[in-house]
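Each chain, letter by letter, is given below.
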Protein chains: 2
Amino acid sequence: MRNLLQNILPTEKAEEIISIGKIKRIQPNEYFIRAGEIPRKLAFVFTGLFRYVYIDDNGNEFTKGIIQNNSFISSYSAMISKSSSYFFIEAIEESEILEISYDKWLVLLESDAFWVKFLLRFVEKGFSIKEKRERDLLLLNAETRYVSFLKDFPGMEKRIKQTIIASYLGIQPESLSRIKKKFQS
Amino acid sequence: MRNLLQNILPTEKAEEIISIGKIKRIQPNEYFIRAGEIPRKLAFVFTGLFRYVYIDDNGNEFTKGIIQNNSFISSYSAMISKSSSYFFIEAIEESEILEISYDKWLVLLESDAFWVKFLLRFVEKGFSIKEKRERDLLLLNAETRYVSFLKDFPGMEKRIKQTIIASYLGIQPESLSRIKKKFQS
């Protein structure tokens, strides 16, 4: 586990962040954060797979993001503004995470400019991912969005339920089936 | 002009950023950044109004953001990754800006941890704005998006052309007219 964090952090810094966190196992369909709650924690994903999902009043699901291992998960805007999360963070597969309380993270952040730069890189990455996602939704048709999904998440079309992929692409599952058939033929 | 930057920065820091920038005037419909170019600059908007706009191969416009004074404008993801901008940054009104070269900005950023924290706050703000925008586009119908627009940008419905507002809401100008009539009656 430690090795995974050491891929993105110097050994000493990896130890620091591990020392303020708790290693936890999360089951598929379990929520790390629920919509409506004020998030007080973030996590680093060692292994597994998560999604960020909006669920509207009629129970319709909109998967806004898919998060793989070696990334952080958080309802970031809500956490920093101390407001309710609008979306759920749900495990898609059994996952192992390093859960970190936001309060402890803030103390770490103040302790060393290194962490501010580290955080900046992650927020920048999140910003860039959101920008590409927005562009795909605004400019591409469903077929091209599916191609973009396959490129962004290699191998995921087998690990993620078709209903979730459809809700990520903003289409009905039936439309996804049609698109996939078209590509197979 | 200086006073405006001093609203968001200590005097000494406002002077620092002014010293690396150039004050410029931009006319309505003029581009600050063009799609296809690798952006090498950002700017602080003293007065005026800008939009970020995607234009697809058929000439359709998608206004992805509206940026008021006292904010920074940049094609940020493209700038930091040294790739081509996917969108245009266009002045909607005659505007006065402080144009800053990205290279000079990077030097400033390295000079003092203050600027890293300052940048982090802006990227976080941008991230949160994008998240709300994404939510509005995914979860709200056109009418509710219009109400959300009026709330986010008070007074703007008179300063911005209807075609641009419609392209921000992701609807046809005729649909916007219908929605506005409904609200008036």
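What you see is a predicted model, and the numbers here were worked out from it, not measured in a lab. (Residues numbered from 1 in each chain as written. Chains lettered and ligands numbered in written order. Predicted model: local features only at pLDDT ≥ 70, side-chain atom pairs only at ≥ 80, totals over all residues. Heavy atoms only, no water.)

## With respect to helix 5 (residues 113–139) of chain B
Selection criterion: Numbered from the N terminus, helices here are DSSP runs of H or I no shorter than four residues, and strands are runs of E no shorter than two. One less than the residue count of a helix, multiplied by 1.5 Å, gives the span that helix is expected to have. We call two N or O atoms a polar contact when they sit within 3.5 Å, provided that within protein one can donate a hydrogen and the other can accept it, with sequence-adjacent residues counted only if both atoms are side-chain atoms.
Taking 1.5 Å as the rise per residue, helix 5 of chain B with 27 residues should run 39 Å; its terminal C-alpha atoms sit 39 Å apart, in good agreement. For helix 5 of chain B, the capping residue at the N-terminal end is Asp 112 of chain B, with a side-chain oxygen 2.8 Å from the backbone nitrogen of Phe 114 of chain B.

## Some points on the relation of the copies chain A and chain B
What counts is decided by this rule: When the copies are superposed, the least-squares fit takes in the C-alpha atoms of residues with a pLDDT of at least 70 in both. Contacts are residue-level and defined by heavy atoms, with any inter-residue pair within 4.5 Å sufficient.
Between the two copies, chain A and chain B, the superposition gives an RMSD of 0.0 Å; the rotation angle is 180 degrees and the shift along the axis is 0.0 Å. Interpreted geometrically, this transformation is the action of a two-fold axis. Mapped onto chain B, 100% of the interface residues of chain A are again interface residues, and the two copies thus contact each other with one and the same surface.

## Observations concerning the pattern of salt bridges
Threshold: By definition here, a salt bridge exists when the distance from a side-chain nitrogen of Lys or Arg to a carboxyl oxygen of Asp or Glu is within 4 Å. Between buried and exposed lies partly exposed: a residue is buried under 20% and exposed over 50% of the maximum accessible area for its type, with that area taken using a 1.4 Å probe on protein chains only.
The tally for this structure, following the rule as stated, stands at 37 salt bridges over all chains. Between Glu 90 of chain A and Arg 51 of chain A there is a salt bridge, with the nearest N and O atoms lying 2.8 Å from each other. Remark: Arg 51 of chain A occurs in strand 4 (residues 49–55) and Glu 90 of chain A occurs in strand 7 (residues 88–91); sequence separation between them is 39 residues. Residue Glu 90 of chain A shares its accessibility class with Arg 51 of chain A, and that shared class is buried. With its nearest N and O atoms 3.9 Å apart, the salt bridge here joins Glu 99 of chain B to Lys 41 of chain B. Of this pair, Glu 99 of chain B sits in strand 8 (residues 95–101) while Lys 41 of chain B sits in strand 3 (residues 41–47), and the two are 58 residues apart along the sequence.

## Some words on the environment of Ser 84 of chain B
Residue and element names in this part refer to chain B. Here Ser 84 lies in the loop between helix 3 (76–81) and strand 7 (88–91). Owing to a relative accessible area of 35%, Ser 84 belongs among the partly exposed residues under this scheme. Separated by 50 residues in the primary sequence, Ser 84 and Arg 34 have C-alpha atoms spaced 9.1 Å apart. Here Gly 36 takes part through its backbone oxygen, which lies 3.3 Å from a polar atom of the side chain of Ser 84.

## A look at the sheet that holds strand 4 of chain A
Residues and elements named next belong to chain A. What counts is decided by this rule: Only when DSSP finds a minimum of two bridges between them are two strands counted as paired. An axis is simply a line fitted to the C-alpha atoms; with a helix, the fit covers only the stretch in contact. Between two such axes, the angle follows the N-to-C directions and lies from 0 to 180 degrees.
Sheet architecture is open: four strands sit in the order 2-7-4-5, paired in antiparallel fashion. Both edges of this open sheet fall to strand 2 (31–33) and strand 5 (61–68), since each of them pairs with a single strand only. Across the sheet, the mean angle separating the axes of adjacent strands is 30 degrees when strand polarity is ignored. Strand direction decides the pairing type here: strand 2 and strand 7, joined by two bridges, are antiparallel. Residue pairing for strand 7: Tyr 31 is matched across the bridge by Glu 90. Lying over the sheet, helix 8 (residues 162–169) contacts strand 4 and strand 5, oriented at roughly 100 degrees with respect to strand 5.

## Topic: the interface of chain A and chain B
Reports of interface size often rely on the accessible area that becomes lost once the parts have come together. Selection criterion: Computed with a 1.4 Å rolling probe, the buried area is the accessible surface lost when two parts are put together, summed over both parts.
Taken together, the contact pairs 27 residues of chain A with 27 residues of chain B. Of the roughly 3000 Å² buried where chain A meets chain B, counting both sides, 70% is carbon and sulfur surface. Contact with chain B buries surface across chain A, with Phe 127, Lys 130 and Leu 138 of chain A losing the most and accounting together for 20% of the total. Counting across the chain A and chain B interface gives 10 salt bridges.

## Brief notes about the pairing of strand 7 of chain A
Residues and elements named next belong to chain A. Side-chain alternation along strand 7 places Phe 88 and Glu 90 on one buried face and Ile 89 and Ala 91 on a second face that is also buried. Where strand 4 and strand 7 come together, four bridges link them in antiparallel fashion. Paired with Arg 51 across the strands is Glu 90, a residue of strand 7.

## Focus: the environment of Leu 106 of chain A
Residues and elements named next belong to chain A. Within the secondary structure, Leu 106 sits in helix 4 (residues 102–111). Judged by relative accessible area, Leu 106 falls into the partly exposed class, the value being 30%. Considered as a pair, Leu 106 and Val 116 are 10 residues apart in the sequence and their alpha carbons are 10.0 Å apart.

## Describing the sheet that holds strand 1 (residues 21–26) of chain A
Residue and element names in this part refer to chain A. Reading across the sheet, the four strands line up as 1-8-3-6 and stay open at both edges, with antiparallel pairing between neighbours. Each edge of the sheet is formed by a strand with only one pairing partner; in this case those strands are strand 1 and strand 6 (72–73). Where strand 3 (residues 41–47) lies against strand 6, two bridges are found, and the strand directions are antiparallel. Pairing of Phe 44 across the sheet is with Phe 72, part of strand 6.

## Topic: the confidence of the model for chain A
Close inspection of predicted coordinates is inappropriate in any region flagged by low pLDDT. Note the threshold: The quantity called pLDDT is the predictor's confidence in a given residue, expressed from 0 to 100.
With 99% of its residues at a pLDDT of 70 or more, chain A shows a mean pLDDT of 93. Taken over the whole predicted complex, pTM reads 0.92, whereas the ipTM for its chain interfaces reads 0.91.

## As for unusual backbone geometry
Although it is not a glycine, Asn 70 of chain A adopts a positive phi angle of roughly 65 degrees. As for its position among the elements, Asn 70 of chain A is in the loop between strand 5 and strand 6. Asn 70 of chain A sits in the partly exposed class, given a relative accessible area of 27%. Its identity as a non-glycine residue notwithstanding, Lys 82 of chain B has a phi of 50 degrees, on the positive side. Considering the arrangement of structural elements, one finds Lys 82 of chain B in the loop between helix 3 and strand 7.

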